[in-house]
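Summary of the model geometry
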Amino acid sequence: MKPVYSIFIEGGDSFGYREANGFPYYQHLNLPLTMRTFVRAFVRTFAIFVKKARRLAILMPAAALLAACDKNRNTDADEIPDPTEGLTKVRDFQIGRYTVSAYNETGELRLGYTKLYFAVADASGKFIDSAALSAFPEMDMGMMKHSTPRSEITKVPDKALYETYYAFLMYSGQGNGKWYYDLKLTVGSVTDSISDVEIDVKNVFRPDGKTERRVIQSVSADTSADASGKRYVVTLVEPVAPKVGSNDVSAYIHERKDANTYIPVERFALKLDPRMPSMENHSSPNNADLTWSADEQRYKGTVNFSMTGYWKLNLILQNEHGATLYGNPVSGEVEASSLYFEVEF
Ligand SMILES: [Cu+2]
């Protein structure tokens with residue numbers, strides 16, 4: 001209804017206005033107007049108009065402000081950009097009204113080192129950047145259960161993204177085992193969780209797609225004085241995309257405390273001797289042993305691949321005093337260390 005500011009005349013002498021839908025409207029003129037009546041009515045109507053206009057003047061900036069706030073809120077939501085750009089989805093987990101999506105570079109969980117990112121979104125698809133996540137992977141092998149070396153799930157700075165890594169000791173189906181996952185999500189003061197969700201950990205192969213590639217090794221320290229009986233897991237991280245020439249090579253070392261507890265070990269070392277078994281087991285120049293990098297919280301070195309093909313990265317695990325815990329030098333009849341990883345490209 002169109003607002004009409006006009007005069008309602010009643011009984012010839014009295015006048016006023018009525019409101020319909022909050023606005024005054026003209027009803028009827030049932031008496032002839034005297035000049036005096038007309039002037040009074042005009043003045044009163046003008047006063048009402050001014051009052052209305054004032055209220056509108058106050059309301060309009062308020063409405064504009066509200067609209068601006070609303071806009072800001074939308075902008076804030078837009079300002080949390082999709083944190084998963086460039087990553088491939090592994091799978092979703094539904095926890096309460098939130099969807100926790102796992103991502104990484106390959107879209108797969110794999111034997112050995114597997115990096116994993118999580119994005120948390122509410123039912124409207126808005127990313128949550130203030131969540132807390134914790135997880136527990138467990139392999140059920142019938143006769144026994146075990147977890148695997150892993151990190152806490154931590155926030156990626158400046159992104160609505162959370163990260164962790166796993167060093168999967170076995171793949172799904174190995175030893176008839178299956179991997180299960182517990183995941184706990186806290187948003188604000190509310191914590192919810194899921195448990196025993198089966199996850200698929202894939203085996204890792206050489207380029208023929210059939211021959212397994214060694215990327216993780218569980219070892220018991222040789223019966224040397226201080227480490228006898230201790231068990232370690234050594235996990236290859238890099239090179240991810242090996243090339244001819246100098247490559248970063250990196251690895252994790254965890255000490256196995258029990259089937260579920262693996263503690264990262266610092267200050268150890270991995271002596272490196274890369275070899276090409278198919279070519280008289282030749283090595284290459286300019287390699288560097290893997291030593292502890294506090295910056296990257298893992299062991300870093302350099303491997304020089306002088307040509308493409310199948311390489312064995314022979315390693316010797318040494319403690320902080322340089323004592324050998326596992327592995328042996330390559331020489332003469334001894335073509336490999338008992339600790340090695342495989343790279344082929
Ligand atoms: Cu297992």
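One numbering rule holds for all chains: residues counted from 1, following each sequence as written. Totals for whole chains, interfaces and linings use every residue, but because this is a predicted model, local features are given only for residues with pLDDT of at least 70 and side-chain atom pairs only at 80 or more, for both listing and counting.

So, the overall build of the chain
Numbering of helices and strands runs from the N terminus, with a helix taken as a DSSP run of H or I at least four residues long and a strand as a DSSP run of E at least two residues long. In terms of helices and strands, the chain carries one helix and 25 strands. Residues with at least 20 neighbouring C-beta atoms inside 10 Å of their own are called buried, those with 12 or fewer are called exposed, and the rest are partly exposed, where every C-beta is derived from the backbone. Counting all 345 residues of the chain, 25% fall into the buried class. Intrachain contacts of the chain at a sequence separation of at least 6 include 51% that bridge at least 24 residues. Each residue is represented by a C-beta atom placed from its backbone, and any two residues with such atoms within 7 Å are regarded as in contact.

With respect to the environment of leucine 270
Mapped onto the fold, leucine 270 is located in strand 20 (residues 269–275). The contacts of leucine 270, once residues within four sequence positions are left out, are Ala251, Asp289, Leu290, Tyr299, Leu315, Ile316 and Leu317.

Description of unusual backbone geometry
For residues other than glycine, phi is negative in most cases, and the peptide bonds are mostly trans. Residues glutamate 238 and proline 239 are joined by a peptide bond in cis, for which omega reads 5 degrees. Mapped onto the fold, proline 239 is located in the loop between strand 17 (231–238) and strand 18 (245–258). For asparagine 176, which is not glycine, the phi dihedral falls at a positive 60 degrees. With respect to the secondary-structure elements, asparagine 176 resides in the loop between strand 12 (162–168) and strand 13 (178–187). A residue is classified by how many C-beta atoms lie within 10 Å of it, and asparagine 176, with 9 of them, is exposed. Not every positive phi belongs to a glycine, and aspartate 196 is a case in point at roughly 55 degrees. Examined against the element boundaries, aspartate 196 turns out to sit in strand 14 (residues 190–199). Its 9 C-beta neighbours within 10 Å are what place aspartate 196 among the exposed residues.

Brief notes about the sheet that holds strand 9 (residues 131–140)
The strands making up a sheet associate through hydrogen bonds between their backbones, and the pairing can be parallel or antiparallel. When DSSP finds at least two bridges between two strands, those strands are taken to pair. What the four strands build is an open sheet, ordered 10-9-13-14; its pairing is antiparallel. With one partner strand each, in any of the chains shown, strand 10 (145–146) and strand 14 form the two edges of the open sheet. Note that strand 9 and strand 10 share two bridges and pair antiparallel. From the neighbouring strand, methionine 139 faces strand 10, where its bridge partner is histidine 146.

Some words on the pairing of strand 22 (residues 298–305)
Where strand 18 lies against strand 22, seven bridges are found, and the strand directions are antiparallel. Paired with glycine 245 across the strands is phenylalanine 305, a residue of strand 22. As paired elements, strand 21 (residues 288–293) and strand 22 share four bridges and run antiparallel to each other. Residue pairing for strand 22: threonine 291 is matched across the bridge by lysine 300. Count of turn residues in the strand 21/strand 22 antiparallel hairpin: four residues, of which glutamine 297 carries a positive phi of about 55 degrees.

With respect to the environment of threonine 302
Tracing the chain through its elements places threonine 302 in strand 22. Considered as a pair, threonine 302 and proline 239 are 63 residues apart in the sequence and their alpha carbons are 9.5 Å apart. Leave out the neighbours within four places in its chain, and threonine 302 touches Ser246, Asp248, Val249, Asn287 and Ala288.

Some thoughts on the sheet that holds strand 12
The sheet built from five strands is open, its strands ordered 5-6-8-12-11 with antiparallel pairing. On the outer flanks of this sheet lie strand 5 (88–95) and strand 11 (154–155), each paired with one strand and no other. Where strand 5 meets strand 6 (residues 98–104), seven bridges bridge the pair, whose relative direction is antiparallel. By the bridge assignment, isoleucine 95 is partnered in strand 6 with tyrosine 98.

Re the nonpolar core
Residues of type Ala, Val, Leu, Ile, Met, Phe, Trp, Tyr and Cys that are buried and joined through C-beta atoms within 7 Å form what is called a nonpolar core. The biggest cluster of nonpolar side chains holds 60 residues, and the ones touching the most others in it are Phe118, Ala251, Leu313, Leu315 and Leu317. Segmentation of the chain into domains, including their bounds, is taken from an automatic or database domain assignment. Built from parts of two domains, this core gets at least three residues from each of domain 2 (88–202) and domain 3 (216–344). Setting aside its immediate chain neighbours within four residues, phenylalanine 118 contacts Val100, Ser101, Ala102, Leu133, Ile153 and Tyr162.

Section: the confidence of the model for the chain
Per residue, pLDDT measures the predictor's confidence, with a range of 0 to 100. Averaged over all residues, the pLDDT of the chain is 86; the fraction at 70 or higher stands at 77%. This model gives residues 71–75 a pLDDT under 50, and the stretch forms zero contacts once residues within four places in sequence are excluded.

Some points on the environment of tyrosine 252
On the secondary structure map, tyrosine 252 appears in strand 18. Residues tyrosine 252 and isoleucine 216, spaced 36 residues apart in sequence, show a C-alpha to C-alpha distance of 9.5 Å.

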